[in-house]
Amino acid sequence: MNDQRSAAEPAAAAVAVPEAVTALEGAAGRSWADRRAAFAPIALVVAGGLSVQFGSAVAALLMPKAGALGVVTLRLAAAALILLVICRPKLRGHSRADWGTVLAFGVAMGGMNTLFYLALDRIPLGIAVTLEVLGPLALSVFASRRLINVLWAGLALVGVVLLGGGGFDRLDPLGAAFALAAGAMWAAYIVFSARTGRRFPQADGLALAMVVAAVLSLPLGIIESGAKLTVPSTVALGAAVAVLSSVLPYTLELMALRRLPAPTFAVMMSLEPAIAAGAGFLILDQALSTTDALAIALVIGASIGAVRSRSGAAPRREA
């Protein structure tokens, strides 16, 4: 009865005092606006993930024309040009440590992309991303140093064993090795991305690091693909991959991180293998077996659990 009376009091006040109606409507409007504002950054992360993985699927279609290393070169070069035009980063006023950080960031970015596309040339997209995400998972586990994260690491290991089917011969051992190495570079990318963001304003550091990655990949792409990189249709597809896999998702993620807690962002990034599996199925006709789907689910669950354990252990700052 007390709950019913409490719930009825605002309505009674609205009848007795006309101004209360406006106040209640304003509160409802603010509540809807708050919910929409809370959902917006999540939508940005999801859109970014869809863009990255569908861009990777387009890249897989482009590989027969330009080769894995050629696709990497086209993607990074086009992304570097676009970001330079948009950001117009300043080259003066940076310390030697600043340039060292952005150089390491570029090396990590170039290595991550090169190794991932070499893996994608040999194993399905969803499995490649699942193996790659083990890098950030390991980083989260080591950074947390909590016993519970040993459980999450073990769960992820079970998923990897299932993917290998008792031996990675089923997947192409070299492709699996490339994906795992890409995961290690992804972990380095996360570390140096954060450091670059603290040293450079806005996306200036990202633009400069992208140039470093493009320069490093250029000789490899030329050696493998040569004149194929100048075919107009190939260049156009490479630019599309750059927009889908680099420019658009990085921009969306940057916008989301300004309004979304980092642990929540990390949890959502853990869903990348599922998005990749969907993109591989829809665009590349790469159907997964029941065992593969279970393995991907285990790795996703381990990633989410590790991130939530880490965020739960973090001390809260005083307001």
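Here the structure is shown first, and the text comes after it.
Quick notes on the rules
- Residues numbered from 1 in each chain as written.
- Predicted model: local features only at pLDDT ≥ 70, side-chain atom pairs only at ≥ 80, totals over all residues.
- Heavy atoms only, no water.
- Helix = DSSP H or I, 4+ residues; strand = E, 2+ residues; numbered from the N terminus.
- Buried < 20%, exposed > 50% of the residue type's maximum accessible area, 1.4 Å probe, protein only.
- Areas by Shrake-Rupley, 256 points an atom, 1.4 Å probe, with all protein chains shown as cover.
- Salt bridge = Lys/Arg side-chain N within 4 Å of Asp/Glu carboxyl O.
- Contact = heavy atoms within 4.5 Å.
- Patch = residues over 30% accessible without salt bridge, like charges linked within 9 Å, V, L, I, M, F, W, Y side chains within 5 Å.

Enquirer: Got a minute to help me understand the overall build of the protein chain in this structure?
Expert: The secondary structure content of the protein chain amounts to twelve helices and zero strands. When the helices and strands of the protein chain are read in sequence order from the N terminus, they spell out α-α-α-α-α-α-α-α-α-α-α-α. Split into buried and exposed, the 319 residues of the protein chain put 44% on the buried side. Of the roughly 16,500 Å² that the protein chain leaves accessible, carbon and sulfur atoms contribute 67%.

Enquirer: Where do I start with the pattern of salt bridges in this structure?
Expert: Close approach of charged atoms lets side chains of opposite charge pair. If you walk through the whole model with that rule in mind, you get one salt bridge. In this structure, Asp98 engages Arg199 in a salt bridge whose closest nitrogen and oxygen atoms are separated by 2.7 Å. Here Asp98 is found in helix H3 (residues 96-120), whereas its partner Arg199 is found in helix H7 (residues 173-199), with 101 residues between them in sequence. Take Arg199: its relative accessible area is 39%, and that puts it in the partly exposed class.

Enquirer: Help me understand the side chain of Thr114, please; the structure alone is not making it clear to me.
Expert: By the secondary structure assignment, Thr114 is in helix H3. Thr114 sits in the buried class, given a relative accessible area of 14%. Sequence-distant contacts of Thr114, defined by excluding residues within four places in its chain, comprise Leu69 and Val72.

Enquirer: How do you make sense of a nonpolar patch on the surface when you look at a structure like this?
Expert: Nonpolar side chains collect at one region of the surface, where Leu61, Phe281, Leu282 and Ile283 lie side by side and expose about 400 Å² of accessible area between them. At three residues, the largest contribution of residues to the nonpolar patch is made by helix H11 (residues 272-284). For Leu282, the position within the fold is in helix H11.

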